[in-house]
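Summary of structural features
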Amino acid sequence: MPAMTMIEAIRDAHHVAMERDDTVIVFGQDVGFFGGVFRCTQGLQARFGDHRCFDAPINEGGIVGAAIGMGAYGLRPCVEIQFADYMYPAYDQIVSEAARVRYRSAGDFTVPITIRMPTGGGIFGGQTHSQSPEALFTHVSGLKTVIPSNPYDAKGLLITAIEDDDPVIFLEPKRLYNGPFDGHHDRPIVPWSRHPLSDVPAGHYTIPFGQARIHRPGDQMTVLTYGTLVHVAVAAAEETGIDAEIIDLRTLVPLDIDTITESVAKTGRCIVAHEATLTSGFGAELCAVLQESTLYSLEAPIVRVAGWDTPYPHAHEWTYFPGPARLGAAMTALMEA
Amino acid sequence: MPAMTMIEAIRDAHHVAMERDDTVIVFGQDVGFFGGVFRCTQGLQARFGDHRCFDAPINEGGIVGAAIGMGAYGLRPCVEIQFADYMYPAYDQIVSEAARVRYRSAGDFTVPITIRMPTGGGIFGGQTHSQSPEALFTHVSGLKTVIPSNPYDAKGLLITAIEDDDPVIFLEPKRLYNGPFDGHHDRPIVPWSRHPLSDVPAGHYTIPFGQARIHRPGDQMTVLTYGTLVHVAVAAAEETGIDAEIIDLRTLVPLDIDTITESVAKTGRCIVAHEATLTSGFGAELCAVLQESTLYSLEAPIVRVAGWDTPYPHAHEWTYFPGPARLGAAMTALMEA
Amino acid sequence: MLELAYSLVRVLDDEGDAVGPWSGTLDVEQLKLGLIDMLTLRSFDHRMLRAHRQGKTSFYMQALGEEAVACAHRRALAPGDMNFPTYRQQGLLIAGGYPLVEMINQIYSNSHDPMKGRQLPVMYSSKEHGFFTVSGNLGTQMIQAVGWAMASALAGDTKIASAWIGDGATAESDFHAAMVFASTYQAPVVLNIVNNQWAISTFQGFARGSSATFAARGHGFGIPALRVDGNDYVAVHAASSWAIERARRNLGPTLIEWVTYRAGAHSTSDDPAVYRPSEEAGRWPLGDPIDRLKNHLVRLGAWSEGDHADAVADVDAKVLAAAEQAESFGTLHSDSVSSPSTMFDDVFAAMPPNLRRQRQQAGF
Amino acid sequence: MLELAYSLVRVLDDEGDAVGPWSGTLDVEQLKLGLIDMLTLRSFDHRMLRAHRQGKTSFYMQALGEEAVACAHRRALAPGDMNFPTYRQQGLLIAGGYPLVEMINQIYSNSHDPMKGRQLPVMYSSKEHGFFTVSGNLGTQMIQAVGWAMASALAGDTKIASAWIGDGATAESDFHAAMVFASTYQAPVVLNIVNNQWAISTFQGFARGSSATFAARGHGFGIPALRVDGNDYVAVHAASSWAIERARRNLGPTLIEWVTYRAGAHSTSDDPAVYRPSEEAGRWPLGDPIDRLKNHLVRLGAWSEGDHADAVADVDAKVLAAAEQAESFGTLHSDSVSSPSTMFDDVFAAMPPNLRRQRQQAGF
Ligand SMILES: Cc1ncc(C[n+]2csc(CCOP(=O)(O)OP(=O)(O)O)c2C)c(N)n1
Ligand SMILES: Cc1ncc(C[n+]2csc(CCOP(=O)(O)OP(=O)(O)O)c2C)c(N)n1
Ligand SMILES: [Mg+2]
Ligand SMILES: [Mg+2]
């Protein structure tokens, strides 16, 4: 197979899903003729017509609310929010409606929709093009929250999301769109073609939710992470020489508790890392779960490495971003603890 | 002093704040002539006129957005969202605007507003009159999150909130409005007048944010909680005979880490309890912080007792609500662990 | 037709005659059905308020004075059409033939409650009867209705959606989303604003602002708008039929402001005496929709006081029977409420491990 | 005045003469000032686009073709009035005399950046110059402007607010909140819709739907609405003055649709060639606002080609000097960007313990 970038893999997932099921439709701001500001839907309107892929007015609540109605009718909308930072106007429709309709109607109505949104920083986007709001979704019962770290997972997980009968939040780390960014912003960009996980099979395949992936096996400690930081963790492990087991969660809800518990029980040391703001971030949930399941095998407290409790500052994004130096220092300190 | 209910204490706080500072204004749905569906603003319009206390259209985003503009002008709006379950339409204005304006303008503009909302279940309100969304605020840098458990704290904390120069989310456990509800829904309601913390001083006083209150000292374990569950924990301690130290956090952000760390270091056992959905709830943050600060003194994993990961079901709310039986069982089990 | 948003479409005049261009859509049998529908709804509300006082339910919301709007509109819809209602459109279910006992099962949260005790009373749902699950959050349903209608159009279907909102809730921002999408995609949807002049304690003016009417909101979006006497069963049916036909022919959305009056309390948790003059309800702006339709039938010589008394007795008996049957399945505080073990179902299509664990912890 | 929402208010005709009822608000000196403002803005945009190509900033957004709207409106406002702008109203700052070097310091995120490097370039803020901090989230500022105006009225003040939004962003639901509150409370605010006909790749139709104009949105709320030629400096000033005067006298809000054209790319991250015909920009709907005002001055005999060449040289020199001064304080990728140690400030008025801890961890 020719290597695919994350963008190409996401496009391909749309193609496959739309080919197989003509109830799958795609819309969002600038996604139609233009193909999306990140080009993730490019070619869909040309291929499937403007009844199945079209532009939407700038109203995120409207996009999600309309998708909910379409889902109730029997379609499977896959909609794009241009940046995760702009999901807030849709938050009521996501939390009070999409997540609740099956429950409150006792299964009479369902909402089989996928809501895609680019997430994370590293493109000098400032505080409104850099956010990682995953914890605002994981707290909401009725939502599944997915975040791929590579083209192979992105395609398989997105097809699974579109075919899922419940609402799925699909977060796309925008800094990974064009390469496996490891946090070394001062070095030339490495293209996906040099990464094994850019080898994306043609056609249909799915990746089940709730199954974490051991990205790098190791014995000295466990690093639990997802999205961009998976690649940062690899760099940190190499640079510190610490034999860390790096686990890519892939889906936060449902969470693969068995895999992470097993790993931490084995290594006795754990770091949870994410780009989102520390306080009440998803790392807190991981700590809570693991201290419960592995307390007696912990050699030291679980360490959280995360974005600071501030908005994402434009010029200082590399001070905000938990890069290989910060993560590596935490790993080294944890080995000494 | 005559005893006050929580509602009377909140009313009194409004009166005191509005008397002292005529830039304090109050508005929200039905808060004007009617005095609010829970009567928390009753009498304000009569006393201060309909320029300082008035009704608002049914648009939560509009209420908060207008308050932000008023704050930027130089007023101190204290607004009411009729139920916390209805804050979602205002979430963008709260997260993207109120919480960010000081930061993004480097202090050029500020948002000295208070956003009050009744929270929690226990009134057969079903899934849209029962929610506890505190964790959706604690993850947002730039917001302070406050939740009183009694009339004395309610008045002091609300005055502090209104006088604070940053946006404050003020959560009012509606099941406590008329009495210190301990979770025994099958027993007659105990009025506040029988509770020492209903003794509310007249006039102006404040309670600083970031100072937890040891509600009941104890040695065998620590129960960290807030709002309604403070009283549930007292009942559970009495009924199990476990000498638990019950700590009322009062403010979640800022968090009083020293007080809770000291207590858990002393008791070696800890339960965190809240009514909100378990996953990614604020209890997760408490576990993450405490396993870091007290791991080596923990006799057993920290236990989370919380609402289930479902919407709040109307007829089954007492199965959902973490009452004295559920909390007591967890306490007993923890003593045996 | 711009002025139709500022005037008031009426058919039944003060004498009870059907006059004007909008008359003539209903024959006598249909008029009688309409009267029975409204009598049934009023009897149902009456019975459920009593059940609330007796502690059989935690909550209830009546439609007193607004019966004509939902009842006549429902009779103008076709099977397969989908309503996105608020909590005050129980008339859609009653006029649509949804079993009264199912409604009461939901209100009593009993062992036969189709919502399994999860929803606040009156938050019904019936896909089969074209009634989308009622949300407790105001305004969210409008744009969902537009999306449903867009889907019907995309699928080449002729089914239409009917969206419902109260005067107060039009202030919610989701209303704007519905208007923009309906206008941009010309969705086959009827956008109904039930202006009963009150939003809990707040008069309609707070949501309407200084605009002359709610119907006028349509013009800013190029959406045809009608303002109709909502207490005039015949006018409601005629205007509904016109808008529904437009949508069905895929000629685009219509906005209709139904002018009516909330004659009762907002809900069983509310007491209007605190915020509005008690005479107001007495004066009953626009008149009692039931009396008006009854007088019309009498004028037509098709109905008598005797017929009316019989009809009332009839519907009361039907409602009572349904209430008794429902009660045999339990009430909120009886032992046979729907089982809490089901409260972990339907969060997702399949129950994930964390919920299975929690269900066990809960003892099920 | 309903038709004013559907027609187009103009003063400068094709010959460059000022005609009609809206003419005559400006004398020759003011016209010249206006021309200089617009030339300065265009020169500034030009310089900053070049700075972006040279890597001195991460991002920039120009106002090419829309210069008249913000520049003329600002000249009609009084000190103390507050704008709630979008990212494309830099003309408000330039016409208001805000130092160019401060704007460039922000764009370069340098050691003198008033926003301390926290904000995306062009997200200025200046309370002193009546310019509310620009948000990256579309639409949120409209209702904030209404709130600010309500506060001014409540305080018995005569200051007014001016709210800004683009054609595309009018689709956001917050727009509705602004209209409802402005209408209900009759806030002293001017609601400006800058219809430059494009929202990134999306034509205005997606936000406007099937309504004739954006201005018509006002009528559904009883808000007087004007539709104005936004490339006509004189018309913009006249219409702005009228609306501002209404607000100042506390006669209520006004909605104004400024019809203009986004002649350039959406931002430095955008390339219109992909989604719109290249000739379109060439045809320049409504004409270049600078040429139109220039021709008018020439017709008045108050301006010559020579004057114009001098003026252009003048503003270019001013802009260049400001850019060079700003550059001496650093650019995004130079070493002297604003210090990251300040990134923990201003989250709250006082730094809480957790942020103090984190700042230490970050090494400051
Ligand atoms: C988002 C949201 N905000 C507030 C409420 C509380 N609330 C319930 S009904 C109501 C009044 C609605 O009035 P209206 O829309 O006129 O409908 P009516 O009750 O008159 O039928 C309010 C404010 C809510 N349910 N949802
Ligand atoms: C809530 C939100 N949604 C989406 C975006 C992304 N976005 C930035 S500018 C823009 C287009 C806005 O067009 P318009 O309102 O016409 O303003 P213009 O750029 O033409 O001045 C979009 C979609 C955003 N910034 N905020
Ligand atoms: Mg109403
Ligand atoms: Mg535009």
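Looking only at helices and strands, chain C features twelve helices and seven strands. In terms of overall size, chain C behaves like a compact globule, its C-alpha atoms giving a radius of gyration of 21 Å where 364 residues would be expected to give roughly 21 Å. For the C-alpha atoms alone, the extent of chain C along its principal axes is close to 65 × 50 × 40 Å. Burial statistics for chain C: of 364 residues in total, 63% are counted as buried. Restricting the contact set of chain C to residue pairs at least 6 apart, pairs at least 24 apart contribute 75%. Counting every atom, chain C has about 11900 Å² of accessible surface; 53% of that belongs to carbon and sulfur. A distance of 6 Å separates the average location of the 30 positive side-chain charges in chain C from that of its 39 negative side-chain charges.

Around ligand 1 there are 20 residues in total, and Glu60(B), Tyr87(C), Gly136(C), Asp167(C) and Trp198(C) lie nearest to it. Site remark: ligand 1 is flanked by residues from chains B and C. Between a nitrogen atom of ligand 1 and a main-chain N or O atom of Gly136(C), the distance comes to 2.8 Å. Taking 590 Å² as the accessible area of ligand 1 by itself, protein coverage stands at 95%. Class assignment for the residues of the shell around ligand 1 results in eight nonpolar, eight polar and four charged.

This part is about helix α10 (residues 282–294) of chain B. Residue and element names in this part refer to chain B. Compared with an ideal rise of 1.5 Å per residue, which puts 13 residues at 18 Å, α10 spans 18 Å between its outermost C-alpha atoms and is within 8% of the ideal. Counting buried positions over the 13 residues of α10 gives eleven, a clear majority of the element. Every buried residue of α10 is accounted for by Phe 282, Gly 283, Ala 284, Glu 285, Leu 286, Cys 287, Ala 288, Val 289, Leu 290, Gln 291 and Thr 294.

Within the structure, ligand 2 sits among 20 residues, and Glu60(A), Tyr87(D), Arg88(D), Gly136(D) and Asp167(D) are positioned closest to it. More than a single chain frames ligand 2: its nearby residues are located in chains A and D. At 2.8 Å, a side-chain N or O of Arg88(D) approaches an oxygen atom of ligand 2. Considered class by class, the residues forming the shell around ligand 2 number eight nonpolar, eight polar and four charged.

Glancing now at the relation of the copies chain B and chain A. Between chain B and chain A, the superposition needs a rotation of 180° and an axial shift of 0.0 Å, giving an RMSD of 0.0 Å. Expressed as a symmetry operation, the mapping of one chain copy onto the other fits a two-fold axis. Judged by C-alpha distance, Ala284(B) is the residue of chain B that lies nearest the rotation axis, at 2.6 Å. A high fraction, 100%, of the interface residues of chain B reappear at the interface in chain A, so the copies pair face to face through one surface.

Residue and element names in this part refer to chain D. The protein atoms that coordinate the magnesium ion (ligand 4) are Asp 167 (OD), Asn 196 (OD1) and Trp 198 (O), at distances of 2.0 to 2.1 Å. Sequence positions of the residues that donate to the magnesium ion (ligand 4) give the spacing D-x28-N-x1-W. Both residues of the pair, Asn 196 and Trp 198, belong to the buried class.

Let us now look at the coordination of the magnesium ion (ligand 3). Residue and element names in this part refer to chain C. Around the magnesium ion (ligand 3), the protein contributes the donor atoms Asp 167 (OD), Asn 196 (OD1) and Trp 198 (O), at 2.0 to 2.1 Å from the metal centre. Between the donor residues of the magnesium ion (ligand 3), the gaps in sequence give the motif D-x28-N-x1-W. In this pair, Asp 167 is assigned in the loop between β2 (161–166) and α6 (174–185) and Trp 198 in strand β4 (residues 198–199), connecting sequence segments 31 residues apart. We note that Asp 167, like Trp 198, is buried.

With 37 residues of chain B at the interface, the matching set in chain D holds 41 residues. Between chain B and chain D, roughly 3200 Å² of surface is buried when both sides are summed, and carbon and sulfur atoms account for 65% of that area. Looking at the side of chain B facing chain D, the largest losses of area belong to Tyr73(B), Tyr103(B) and Arg104(B), adding up to 24% of the total buried there. At the junction of chain B with chain D, the criterion picks out zero salt bridges.

Summed over the entire model, instances satisfying the criterion amount to 69 salt bridges over all chains. Between Glu97(B) and Arg104(B) there is a salt bridge, and its shortest N-O distance comes to 3.1 Å. Here Glu97(B) falls in the buried class, since its relative accessible area comes to 0%. Look at Arg104(B) and you get buried, because its relative accessible area is 3%. Asp37(C) is the partner of Arg75(C) in a salt bridge, and the nearest nitrogen-oxygen pair spans 2.7 Å. Note that Arg75(C) is positioned in helix α2 (residues 67–76) and Asp37(C) in helix α1 (residues 28–53), a separation of 38 residues in sequence. Judged by its relative accessible area of 34%, Arg75(C) falls in the partly exposed class.

Evaluation of the coordinates by the stated rule reveals zero disulfides over all chains. We note that Cys40(A) lacks a disulfide partner, and the nearest cysteine sulfur, in Cys78(A), lies 10 Å from it. Sulfur of Cys270(B): no disulfide; nearest cysteine sulfur belongs to Cys287(B) and is 7.1 Å away.

Let us now look at the sheet that holds strand β7 (residues 254–259) of chain C. Residues and elements named next belong to chain C. Spatially, β1-β2-β3-β7-β6 is the arrangement adopted by the five strands of the open sheet, whose pairing is parallel. One side of each edge strand has no neighbouring strand; the edge strands of this open sheet are β1 (82–84) and β6 (225–229). Geometrically, the sheet is characterised by an average inter-axis angle of 20° between neighbouring strands, direction not taken into account. The sheet contacts of α2 involve β1, β2, β3 (189–195) and β7, and relative to β2 the element is tilted by about 175°.

Residues and elements named next belong to chain B. What the seven strands build is an open sheet, ordered β2-β1-β3-β4-β6-β5-β10; its pairing is mixed. Each of the sheet's edge strands pairs with one partner strand only, and the pair in question is β2 (53–55) and β10 (251–253). Ignoring strand direction, the axes of neighbouring strands in this sheet form an average angle of 20°. Both strand β1 (residues 24–28) and β2 contribute to a ladder of three bridges, which runs parallel. By the bridge assignment for β2, Gly 28 is matched with Asp 55. Its contacts with the sheet put helix α1 (residues 6–20) on β1, β3 (76–80), β4 (114–119) and β6 (168–173), and the angle it makes with β1 is roughly 135°.

With that settled, the discussion passes to the interface of chain B and chain A. The accessible area lost on association of the parts is a frequent measure of interface size. The interface is formed by 43 residues belonging to chain B together with 43 residues belonging to chain A. Applying the counting rule to chain B against chain A returns two salt bridges. A salt bridge links Glu285(B) to Arg304(A), with the nearest nitrogen and oxygen atoms 2.8 Å apart. Run the count over chain B and chain A and you get 16 residue pairs in polar contact (both at pLDDT 80 or more). Elements that contribute at least two residues to the side of chain B that touches chain A include exactly α4 (91–98), α5 (101–104), α6 (135–138), β11 (270–277) and α10 of chain B. Examining the composition of the side of chain B that touches chain A, we find that eight residues originate from one element, α10(B), more than from any other. Taken together, the residues of the side of chain B that touches chain A break down into 22 nonpolar, 13 polar and eight charged.

So, on to the confidence of the model for chain C. Here chain C averages 96 in pLDDT, while 100% of its residues score no lower than 70. Our summary of model confidence lists the complex with pTM equal to 0.98 and ipTM equal to 0.98.

To continue, consider helix α10 (residues 289–299) of chain C. Residues and elements named next belong to chain C. Of all the positions in α10, only Pro 289, Ile 290, Arg 292, Leu 293, Lys 294, His 296 and Leu 297 are classed as buried. Of the surrounding secondary structure, the elements contacted by the buried residues of α10 are α1, α2, β6, α8 (233–248) and α11 (305–328). Capping the start of α10 is the job of one residue whose side-chain oxygen sits 2.7 Å from the backbone nitrogen of Ile 290: Asp 288. Count one or two residues on from α10 and you reach Gly 301, which has phi positive near 70°.

All names here are of chain D. Contact geometry of helix α4 (residues 100–107) with helix α11 (residues 305–328) gives a least axis separation of 8 Å together with a crossing angle of 45°. With respect to α11, the axis of α4 lies oblique. The chirality of how α4 crosses α11 is right-handed. For the pair α4 and α11, contact is made by Leu 100, Val 101, Ile 104 and Asn 105 and by Lys 318, Val 319, Ala 322, Ala 323, Gln 325 and Ala 326, respectively. For the contact of α4 with α11, the residue count by class is seven nonpolar, two polar and one charged.

Each value, and the rule that gives it
- Residues numbered from 1 in each chain as written.
- Chains lettered and ligands numbered in written order.
- Predicted model: local features only at pLDDT ≥ 70, side-chain atom pairs only at ≥ 80, totals over all residues.
- Heavy atoms only, no water.
- Helix = DSSP H or I, 4+ residues; strand = E, 2+ residues; numbered from the N terminus.
- Rg over C-alpha atoms; globule rule 2.2 N^0.38 Å.
- Buried < 20%, exposed > 50% of the residue type's maximum accessible area, 1.4 Å probe, protein only.
- Contact = heavy atoms within 4.5 Å.
- Areas by Shrake-Rupley, 256 points an atom, 1.4 Å probe, with all protein chains shown as cover.
- Lys, Arg positive; Asp, Glu negative; His and termini not counted.
- Charge placed at Lys NZ, Arg CZ, Asp CG, Glu CD.
- Near = heavy atom within 4 Å.
- Polar contact = N/O pair within 3.5 Å; in protein donor to acceptor, adjacent residues only side chain to side chain.
- Nonpolar A, V, L, I, M, F, W, Y, C, P; charged D, E, K, R; others polar.
- Expected span 1.5 Å × (residues − 1).
- Least-squares fit on C-alpha atoms with pLDDT ≥ 70 in both.
- Donors = N, O, S within 2.8 Å, 3.2 Å for Na, K, Ca; no water.
- Buried area = accessible area lost by both parts, 1.4 Å probe.
- Salt bridge = Lys/Arg side-chain N within 4 Å of Asp/Glu carboxyl O.
- Disulfide = S-S within 2.5 Å.
- Pairing = 2+ DSSP bridges.
- Axes fitted to C-alpha atoms, helices over the stretch in contact; angles between N-to-C directions.
- pLDDT = per-residue confidence, 0-100.
- Parallel < 35°, antiparallel > 145°, perpendicular 65-115°, else oblique.
- Left-handed = near helix turned anticlockwise from the far one by under 90°.

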